[in-house]
Amino acid sequence: MGAQGKKGRYQRLYKQLEELLAKQGNPLSRMATMVAVLHHKMEHFFWTGFYLLDGEELIVGPYQGPVACQHLEKDKGVCWAGIHREESIVVADVHSFPGHIACDPRSKSEIVVPVRDAEGKIIGVLDVDSNKTDAFDGEDLAGLERIVSLLA
Ligand code: SME
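Residues numbered from 1 in each chain as written. Predicted model: local features only at pLDDT ≥ 70, side-chain atom pairs only at ≥ 80, totals over all residues. Heavy atoms only, no water.

Q: Just to check I follow, could you spell out the overall build of the chain for this structure?
A: Within the chain, the regular secondary structure consists of four helices and five strands. When its helices and strands are written in sequence order, the chain yields α-α-β-β-α-β-β-β-α. For 152 residues, the compact-globule estimate of 2.2 N^0.38 gives 15 Å, and the C-alpha radius of gyration of the chain, at 14 Å, lies within 12% of that figure. Along the longest, intermediate and shortest principal axes, the C-alpha atoms of the chain span 40 × 35 × 25 Å. (Helix = DSSP H or I, 4+ residues; strand = E, 2+ residues; numbered from the N terminus. Rg over C-alpha atoms; globule rule 2.2 N^0.38 Å.)

This is how it looks when you write it as structure tokens:
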């Protein structure tokens, strides 16, 4: 999909999710709905899900795709880096990211977007993996950050 195609797709998904989430207040239901929509509408998404802070732990939340790690080793990998840096991270080649945690050997590139609550506190990350190298660009970053902001 070209950059323009992606941009339009993210705009449509934002609108669809805005309408769907307006009807649901439960945070886990909202996240489950979000990953279902994203995973099935974006063909370059191989694994789509949330990792959520539980005290000092980062544990898997609602997701779509192959079975993933249930718990991520503390302060290691891309998801923890997104939590600590408090910003989104695009990884073109997961093998070049120090400490990357491979839940599935088919994952080749990855994007992580921090999730904040209504007070702005980081509660976890949205994590998307692709089975192709360099699958995520600035349109994915902007589109996913906007969509994730619906959860605040
Ligand atoms: N690769 C992630 C772990 C989660 S899986 O991609 C589903 C990381 O390095 O934090």
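Q: Can you walk me through the sheet that holds strand β4 (residues 109-116) in this structure?
A: To summarise the sheet geometry, strands pair through backbone hydrogen bonds and adopt either a parallel or an antiparallel arrangement. Within the open sheet, the five strands sit side by side as β2-β1-β5-β4-β3. Their pairing is antiparallel. Two strands bound the open sheet, and with one partner strand each, they are β2 (57-64) and β3 (89-91). Recorded for the sheet is a direction-independent mean angle of 20° between the axes of neighbouring strands. Two elements, β4 and strand β5 (residues 122-130), share eight bridges in a ladder whose sense is antiparallel. Residue pairing for β5: glutamate 110 is matched across the bridge by aspartate 129. Sheet contacts for helix α3 (residues 77-85): β1 (47-54), β2, β3, β4 and β5; angle to β4, the most-contacted strand, approximately 40°. Seen against the sheet, helix α4 (residues 138-148) touches β3, β4 and β5 and runs at an angle of roughly 30° to β4. (Pairing = 2+ DSSP bridges. Axes fitted to C-alpha atoms, helices over the stretch in contact; angles between N-to-C directions. Contact = heavy atoms within 4.5 Å.)

Q: How should I be thinking about the packing of aromatic side chains in this particular structure?
A: Each aromatic ring pair is described using two quantities: the centre-to-centre distance and the angle formed by the ring planes. All chains considered together, the criterion is met by three aromatic pairs. Site record: aromatic cluster; members linked through ring pairs are Trp47, Tyr51 and Tyr63. The ring of tyrosine 14 is capped by arginine 146, whose NZ or CZ atom sits 3.6 Å from the centre of that ring. (Phe/Tyr/Trp six-rings, centres within 6.5 Å; stacked < 30°, edge-to-face > 60°. Lys NZ or Arg CZ within 6 Å of the ring centre and 35° of its normal.)

Q: Would you mind going over the site of the ligand with me for this structure?
A: Close to the ligand lie Trp47, Tyr51, Leu72, Gly77, Val78, Cys79, His100, Ile101, Cys103, Glu110, Asp127 and Asp129. Take histidine 100: an N or O atom from its side chain is 3.3 Å from a nitrogen atom of the ligand. Protein chains shield 99% of the accessible area of the ligand, which is 310 Å² for the free molecule. When contributions to the shell around the ligand are tallied by element, the ones reaching two or more residues are β1, α3 and β5. Top element by residues in the shell around the ligand is α3. It accounts for three residues. (Near = heavy atom within 4 Å. Polar contact = N/O pair within 3.5 Å; in protein donor to acceptor, adjacent residues only side chain to side chain. Areas by Shrake-Rupley, 256 points an atom, 1.4 Å probe, with all protein chains shown as cover.)

Q: Help me understand the pairing of β2, please; the structure alone is not making it clear to me.
A: Alignment of β1 against β2, held across six bridges, turns out to be antiparallel. Each bridged residue has a counterpart across the sheet, and for tyrosine 51 the counterpart in β2 is valine 60. In this structure, the hairpin formed by β1 and β2 is closed by a connection of two residues, where glycine 55 is found at a positive phi of approximately 65°.

Q: What should I look at first to understand α4 in this one?
A: What α4 keeps buried is the set Asp140, Gly143, Leu144, Ile147 and Val148. Projected onto a plane normal to the axis of α4, the buried residues spread over an arc of 125° and lie on a single side. At its buried positions, α4 is contacted by α1 (3-21), α2 (27-41), β4 and β5. (Buried < 20%, exposed > 50% of the residue type's maximum accessible area, 1.4 Å probe, protein only. Arc of directions from axis to C-beta.)

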